[in-house]
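The residues making up each chain are set out below.
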Amino acid sequence: MEGEVSVSGGKNAAVAIIPAALLADSPSTIENIPDINDVHVIIEMLRWLGARVEFRDHTMWIDPRTVDRYNPPYELAGRMRASYYFAPVLLGVFGRAEVPLPGGCDIGARPIDQTVKGMCALGARVETLGGVVVAEADELIGDDIYLDMPSVGATVNSMLTAVSASGTTCIHNAAKEPHIVDLANFLSSMGAVVKGAGTDVIRIRGGRHLHGANYTVVPDQIETGTLMIAAAATAGDVLITGAIPTHMEALSAKLLEMGVSVTSEDDWIHVKSNGTFRSVNVKTQGYPGFPTDLQQPLSALLTVANGTSIVTETIFESRFRFLDELRKMGANVRVIESTAIISGVEKLVGARVNATDLRAGAAMMIAGLMADGVTEIGGIGYILRGYERFDEKLRSLGAKVETMHLTEVAF
Ligand code: EPU
């Protein structure tokens, strides 16, 4: 692939920032929102709750003043992981929230015990009744929250609870992903006092009056990485614009180790490859470690590297299921518990495969771009959940990609 492509706004930032806009007493305008299915589900959810919403040209205007419900139905909430970000927000607004347990990609157990712990630490009573998280509080009071692991979801939910709690909340062992920092910046622009986002400890002075804000969402870290890997996979020469290179350091380091040229400055990253790759070992970790969301796309690339790569998945236990699909294309892969041993083959061959989740879908696209012959990927609804116009972007770089049938996927 050759040419220039721009990155869309961050999915995982947008899905946290949009619910936060309901905490304000006036409308917010949020720019650079990716036009993806998850965002359309959130819009339905906002409207169901009573908000007025407009979404045009990646800009969303949200008026929260008419919100009058705290109990979204399962048919909406179950369609997306981030639905549970509405729980602390509605709790802050109404003192009560009833939100069905999160859906999202089936990539392993996705418990919410840390979210519940955070909300309870600030004075909420939280129960899960018949698959619905029911949270109630007469008063939220800031306190220390100690997370057992730096969970992105629990950090977001603790932050969203803390801004409505009087006094100071300290979230210890917080996640440090770029979308956490972006949410903190949005909350600050609404008038909240949030310090330390991007480090292990986030301090929030809550209970302040929050107003609507104008804000621009950060570029999508995972889309950037997926495009970088796709560029390398196709022996490409691609300039990725509108990116934040410092968010990509773990991936850039791996690609350099594999023999791919990666250069960057300001808001662009240039990836150039001759199509031969050295094997590498990868272990997924929270930011700034190697992101689990890029494990699958990179594993696809490693199937054609010279030698054997060891990939260790420490975050989600089912994120190796897609390797069964890659085997259909000739990949030589063994999985032992949370480790995949990938012995590089000379060529993948096109086959009929399935996207088993969002990032697996991206991995199958990358495998298809590298393979001899045609690859047909089922379940592309997963890809549409989180990548904006992915097929179109790849086509603009010269890839031969066609979308045949758009089928809804079950979550
Ligand atoms: N965990 C618990 N208890 C909890 C929360 C998490 O045990 O209460 C465990 C999970 O089982 C997992 C680990 O902690 O092993 C990390 O999970 P985390 O909470 O960080 O993940 P998440 O919030 O459910 C977000 C992203 C995922 C991304 C992960 C890790 C959103 C909406 N989702 O999920 O994104 O993989 O963080 O970075 O932000 C994707 O975009 O494809 C995607 C799945």
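Above this text sits the structure in question.
Residue numbers run consecutively from 1 along every chain, following the written order of its sequence. Given that this is a predicted model, residues contribute local features only at a pLDDT of at least 70 and side-chain atom pairs are listed and counted only at 80 or more, while totals for whole chains, interfaces and linings are drawn from all residues. Hydrogen atoms and water are omitted, and side-chain values are computed over all heavy atoms in the structure.

K.L.:
An account of the site of the ligand is needed here, citing residue identities and associated values.
P.N.:
A cutoff of 4 Å decides nearness: a residue is near a molecule or strand if any of its heavy atoms lies inside that distance of it. Every one of the 24 residues lining the ligand counts as a neighbour, but Ser-151, Val-152, Asp-293, Ile-315 and Arg-359 are closest to it. In protein, a polar contact requires one atom able to donate a hydrogen and another able to accept it; more generally it is a pair of N or O atoms within 3.5 Å, and residues adjacent in sequence count only if both atoms are side-chain atoms. Within the side chain of Asn-12, a nitrogen or oxygen atom sits 3.2 Å from an oxygen atom of the ligand. Interatomic distance of 2.5 Å between a backbone N/O atom of Ile-315 and an oxygen atom of the ligand. Listing elements by their share of the shell around the ligand, those giving two or more residues are α1 (11-20), α5 (113-121), α6 (152-162) and α12 (358-370). Strands here mean DSSP runs of E at least two residues long; helices mean DSSP runs of H or I at least four residues long; both are numbered from the N terminus. If one sorts the elements of the shell around the ligand by residue count, α5 sits on top with three residues. When residue character is reported, Ala, Val, Leu, Ile, Met, Phe, Trp, Tyr, Cys and Pro are called nonpolar, Asp, Glu, Lys and Arg charged, and the others, Gly included, polar. Each residue belonging to the shell around the ligand can be placed in one class, and the counts come to 11 nonpolar, six polar and seven charged.

K.L.:
Which residues make up the sheet that holds strand β3 (residues 52-56), and what values go with them?
P.N.:
Pairing is mixed in the open sheet, where four strands are placed in the order β3-β4-β2-β12. Looking along the sheet, the strands with just one partner apiece sit at the ends: β3 and β12 (214-216). Neighbour to neighbour, the strand axes of the sheet diverge by 15° on average, direction disregarded. For β3 and strand β4 (residues 59-63), the ladder comprises five bridges, and the chain directions are antiparallel. Among the inter-strand pairings, Glu-54 is bridged to a residue of β4, identified as Trp-61. Two strands form a pair only when DSSP identifies at least two bridges running between them. Where helices are involved, their axes are fitted lines through C-alpha atoms of the stretch in contact, as for all axes, and angles between N-to-C directions lie from 0 to 180°.

K.L.:
Describe the pattern of salt bridges, naming the residues involved and giving the relevant values.
P.N.:
By definition, a salt bridge exists where a carboxyl oxygen of Asp or Glu is found within 4 Å of a side-chain nitrogen of Lys or Arg. In total, this model carries 20 salt bridges according to the counting rule given. We note a salt bridge from Arg-96 to Glu-98, for which the minimum N-O separation is 2.7 Å. Categorising residues by exposure relies on relative accessible area from a 1.4 Å probe, with only protein chains included: less than 20% of the type maximum marks a residue as buried, more than 50% marks it as exposed, and the intermediate range marks it as partly exposed. On the basis of relative accessibility, which here comes to 23%, the residue Arg-96 falls in the partly exposed class. When the shortest N-O distance is used, the salt bridge between Arg-352 and Glu-376 registers 3.7 Å. In this pair, Arg-352 sits in strand β20 (residues 352-354) while Glu-376 sits in strand β21 (residues 376-378), placing the two residues 24 residues apart along the sequence. Residue Arg-352 is classed as exposed on the basis of its relative accessible area, which comes to 67%. Taken together, the shared-partner salt bridges connect Lys-11, Asp-38 and Arg-385 into one network.

K.L.:
Mind laying out the environment of Tyr-287, listing which residues take part and the relevant values?
P.N.:
By the element assignment, Tyr-287 lies in the loop between β16 (282-283) and α10 (295-302). The sequence separation of Tyr-287 and Met-248 amounts to 39 residues, and the corresponding C-alpha distance is 9.9 Å. By definition in these notes, contact holds between two residues if any of their heavy atoms fall within 4.5 Å. Non-local contacts of Tyr-287, meaning those with residues more than four positions away in its chain, are made with Lys-176, Glu-177, Pro-178, Gln-221, Thr-246 and His-247. Within the structure, Tyr-287 has its side chain in polar contact with the backbone oxygen of Thr-246 (distance 3.5 Å).

K.L.:
Outline the packing of aromatic side chains, listing residues and values.
P.N.:
To pair, rings of Phe, Tyr and Trp, with the six-membered ring standing in for Trp, must have centres within 6.5 Å; the planes then decide the type, stacked if under 30 degrees apart, edge-to-face if over 60, and tilted in the middle. Throughout the structure, instances matching the rule amount to four aromatic pairs. Judged by centre distance (5.3 Å) and plane angle (20°), the rings of Tyr-84 and Tyr-85 are stacked. Given a relative accessible area of 5%, Tyr-84 falls into the buried group. The buried category is assigned to Tyr-85, whose relative accessible area is 7%. Placement of a charge over a ring requires the Lys NZ or Arg CZ to be within 6 Å of the ring centre, with the centre-to-atom vector within 35 degrees of the ring normal. The ring of Trp-48 has Arg-69 sitting right over it, with the charged end atom 3.8 Å from the ring centre. The ring of Tyr-84 carries Arg-81 above its face, with NZ or CZ at 4.8 Å from the centroid.

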